[in-house]
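Chain by chain, the residues run as shown.
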Amino acid sequence: MARMISIGRVSSRLGGVALLALLGSATVFFVMRAGSGDPAIAVLGEQATPEAIAAFHRKWMLDDPLVLQFWRWLSSAVMGDFGLSMTVAGGTPIMKLIASRLPNTLFIGLYAVLIAVVVSLIAGTLSALRHGKFTDTAATSLAVLGISMPDFWLSYVLVYTLALGLGIFPSYGFTPPAESIAGALYSGFLPALAIAAPMAAAFTRILRTALLETLYRDHVRVARSLGYRDAFVFVHFVLRNALIPYVTVIGLQVRYLLGGTVVVERIFGIPGVGALMVDGAFGRDYPLVQACALTFLLSVLLVNFAVDLVCAALNPRSA
Amino acid sequence: MRAFLANRLALVGALVTAIVLAGVAAGPWLSPYSPTDADFLALLDPPSLHHPFGTDSFGRDVLTRILYGARVSLAVSVCGVLVGALVGTAAGLVAAYFGGWWQAVLMRLSDLLFSFPSFVLALFLMVVLGFGVTNIAVAIALIYAPIFARLARNMAVLVKDEPWVQAASLMGQSTWSIISREILPNIAAPVFVQIALAIAFGIVIEAGLSFLGLGVQPPNPSLGSIMADGREYFGRAPWVLTLSGVAISIALLGLNLLSDGVRDLMDPKLRARL
């Protein structure tokens, strides 16, 4: 399968990722600087003396030409140095903050994708095979409900029923995967489920539609008439074709999924990049918000790159 | 129209949306209470005949707050999405019609905005623009403009080479009239579906931001800020969070069903099968 993905395609896609990352950094940087408010006042307070503000500007070199500031910021960012946070613990390196929190965010994100994929594969297949029957109606109605349930609202429903009501899961707090994988799987289940539910709904719908479109195609009928078993025909001739739009949609949903971590991390007290970004937003910590936004951007770009490769592997025509 | 009535889901969606809109429009006349004035004799009252949805920690009627809050949430989302749709669709049409560097720049820009988690983008814009109601609408518009630009461009590129468009241009119609009278009507339906979907998601963005405390500021109600409020005393008065959450879900359900139904109607492949 790997043979089908040409090196040229991979490198041109990687070039696109790098270009978008560069464009994104520039946009984030300049939009941030063009926005309202002086970080000095945000950090030092409205009553800060002009001398203190001037000293703050000198310290963070805010009076240099913007292009120079951008160049300095970009060249150190490429080396993995995002500078110091203006608010958190009086100047912790931002890279250290992000490095300690990114695994938690990625863990929750991946966990949510996993739940959504498992649920949607089952629900989507069942409702396509039992098209028009009760199972189908139930699965489709549940999917519409799932889409109408924003993650932060679902979080509270889950906390109220499964955590406070039945006491099966903790309602707050998170064991990082670095400490204990089992603990992270357990404590991360509710937040991951809250993010996964709308995804699962979207995935189920796309899989159902894609399966229904392929189930009655000629090549499937031919395969069946040749006497192959139903299960074999389904896996090799139907599912494989239907997986292409399915995987594409998973890639498209990644940005909603990572966006969802922001609120859910706050609700469940998960120390992730999203919660860090919200803290930075409240403290007007410009370099921190900037670095978090870029981290999210890079995550999405890399996931989409991977999804593209998977799609190419699934579909020999597009290679 | 007959097909629309035959599609039960679309009908239910339109009905729910209409009820939500009616409730939001009639809110001030439906309720005798003020959404912001405190009543310290009725703190955290459970649902009763006087207060069908109970009261919150300031003794304010929750149903009234939800009606007013839905107004704010809907207004923010609708304004943001409409501005985004207008600007985005116009940019996309121009890009499709004229092509060239404008199209290249526009598509790269929309690639970029597509690669940001939308809620992260909203959060980032709130920091840049400052917290508050108007800026949520601006953020929603900025998030949606590239989506509409891409949609309009992709649809218009398909329509542009159709014979009737070329005929119009041979007959000497002006560029403006070709774009507005020949191309626009043919891409209007998917744009409409996207608007309904975007308004639903705009409500989620507003609610999420206000829920975090970055959007609508207290004591003003919005669906998100009521939920944020209800979270504080969820244990003692679960109705505040629950009922405002249900309100959000109903609004989203209506919009999602409506856009789904309309999309089904437009898809000839699906229509044949139904």
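Residues numbered from 1 in each chain as written. Chains lettered and ligands numbered in written order. Predicted model: local features only at pLDDT ≥ 70, side-chain atom pairs only at ≥ 80, totals over all residues. Heavy atoms only, no water.

If you look chain B up in an unreviewed UniProt entry, it shows as Peptide ABC transporter permease from Alsobacter soli. According to the UniProt record, the Subcellular location (unreviewed entry) comment for chain B reads "Cell membrane". In the Sequence similarities (unreviewed entry) part of its UniProt record, chain B is described as follows: "Belongs to the binding-protein-dependent transport system permease family." (UniProt positions renumbered as here; feature names shortened; annotations may be inferred.)

For chain A, the name recorded in an unreviewed UniProt entry is Peptide ABC transporter, with Alsobacter soli as its organism. A UniProt comment under Sequence similarities (unreviewed entry) is attached to chain A, and it reads "Belongs to the binding-protein-dependent transport system permease family." For the record of chain A, the UniProt heading Subcellular location (unreviewed entry) holds the text "Cell membrane".

*Asks:* How would you summarise the overall build of chain A if you had to cite specific residues and measurements?
*Replies:* If you tally the helices and strands in chain A, you get 13 helices and 0 strands. Listed by position from the N terminus, the elements making up chain A come as α-α-α-α-α-α-α-α-α-α-α-α-α. Sorting the 319 residues of chain A into buried and exposed places 46% on the buried side. Of the roughly 15,100 Å² of accessible surface on chain A, a fraction of 69% belongs to carbon and sulfur atoms. In chain A, which carries 22 positive and 16 negative side-chain charges, the distance between the mean positions of the two groups comes to 14 Å. (Helix = DSSP H or I, 4+ residues; strand = E, 2+ residues; numbered from the N terminus. Buried < 20%, exposed > 50% of the residue type's maximum accessible area, 1.4 Å probe, protein only. Areas by Shrake-Rupley, 256 points an atom, 1.4 Å probe, with all protein chains shown as cover. Lys, Arg positive; Asp, Glu negative; His and termini not counted. Charge placed at Lys NZ, Arg CZ, Asp CG, Glu CD.)

*Asks:* Mind laying out the layout of surface pockets, listing which residues take part and the relevant values?
*Replies:* For the second largest pocket, the calculated volume is near 540 Å³. Around the second largest pocket, the lining comprises 22 residues; the ones closest to its centre are R13(A), N304(A), D308(A), D111(B) and S115(B). Those elements giving two or more residues to the lining of the second largest pocket turn out to be α1 (7-34), α11 (230-268) and α13 (286-314) of chain A together with α4 (100-115) of chain B. Examining the composition of the lining of the second largest pocket, we find that 7 residues originate from one element, α1(A), more than from any other. Among the residues forming the lining of the second largest pocket, the class breakdown is 9 nonpolar, 6 polar and 7 charged. (1 Å grid on protein atoms, 1.4 Å probe; cavity = no way out; pocket = protein on both sides within 12 Å on 5 of 7 lines; lining within 4 Å. Points joined across faces, edges and corners; volume = space filled by probe spheres on them. Nonpolar A, V, L, I, M, F, W, Y, C, P; charged D, E, K, R; others polar.)

*Asks:* Quick one: what's the story with the packing of helix α5 (residues 94-129) of chain A against helix α9 (residues 189-215) of chain A, residue by residue and with numbers?
*Replies:* All names here are of chain A. At a minimum axis separation of 6 Å, α5 and α9 run at an interaxial angle of 35°. For the element pair α5 and α9, the recorded crossing hand is right-handed. The residue inventory of the contact of α5 with α9, partitioned by class, reads 24 nonpolar, 5 polar and 1 charged. (Axes fitted to C-alpha atoms, helices over the stretch in contact; angles between N-to-C directions. Left-handed = near helix turned anticlockwise from the far one by under 90°.)

*Asks:* Outline the UniProt feature "transmembrane region" (unreviewed entry) in chain A, listing residues and values.
*Replies:* Residue and element names in this part refer to chain A. Here, UniProt's "transmembrane region" (unreviewed entry) annotation points to residues 70-94, 106-129, 152-172, 184-206, 226-244, 256-276 and 288-314. End C-alpha to end C-alpha, residues 152-172 measures 14 Å, and it is 67% helix and 0% strand. Secondary structure across residues 288-314 comprises 100% helix and 0% strand; the distance between its end C-alpha atoms is 39 Å.

*Asks:* Please give an account of the packing of aromatic side chains that cites residues and values.
*Replies:* Evaluated as defined, the whole model comprises 19 aromatic pairs over all chains. Here F169(A) and F189(A) contribute two aromatic rings whose centre-to-centre distance is 4.9 Å and whose plane-to-plane angle is 25°, an arrangement assigned as stacked. Taken together, the positions of F169(A) in the loop between α7 (151-165) and α8 (181-187) and F189(A) in helix α9 put the pair 20 residues apart, joining distant regions of the chain. Among the residues examined, F169(A) registers a relative accessible area of 18% and is labelled buried. Residue classification places F189(A) among the partly exposed positions, given a relative accessible area of 24%. Ring geometry for Y97(B) and F98(B): centres 5.3 Å apart, planes at 80°, overall edge-to-face. For F98(B), a relative accessible area of 53% translates into the label exposed. When the ring centre of Y256(A) is taken as origin, the NZ or CZ atom of R255(A), which lies over that ring, is 5.0 Å away. The positively charged end of R150(B) is found above the aromatic ring belonging to F114(B), 4.1 Å away from the centroid. (Phe/Tyr/Trp six-rings, centres within 6.5 Å; stacked < 30°, edge-to-face > 60°. Lys NZ or Arg CZ within 6 Å of the ring centre and 35° of its normal.)

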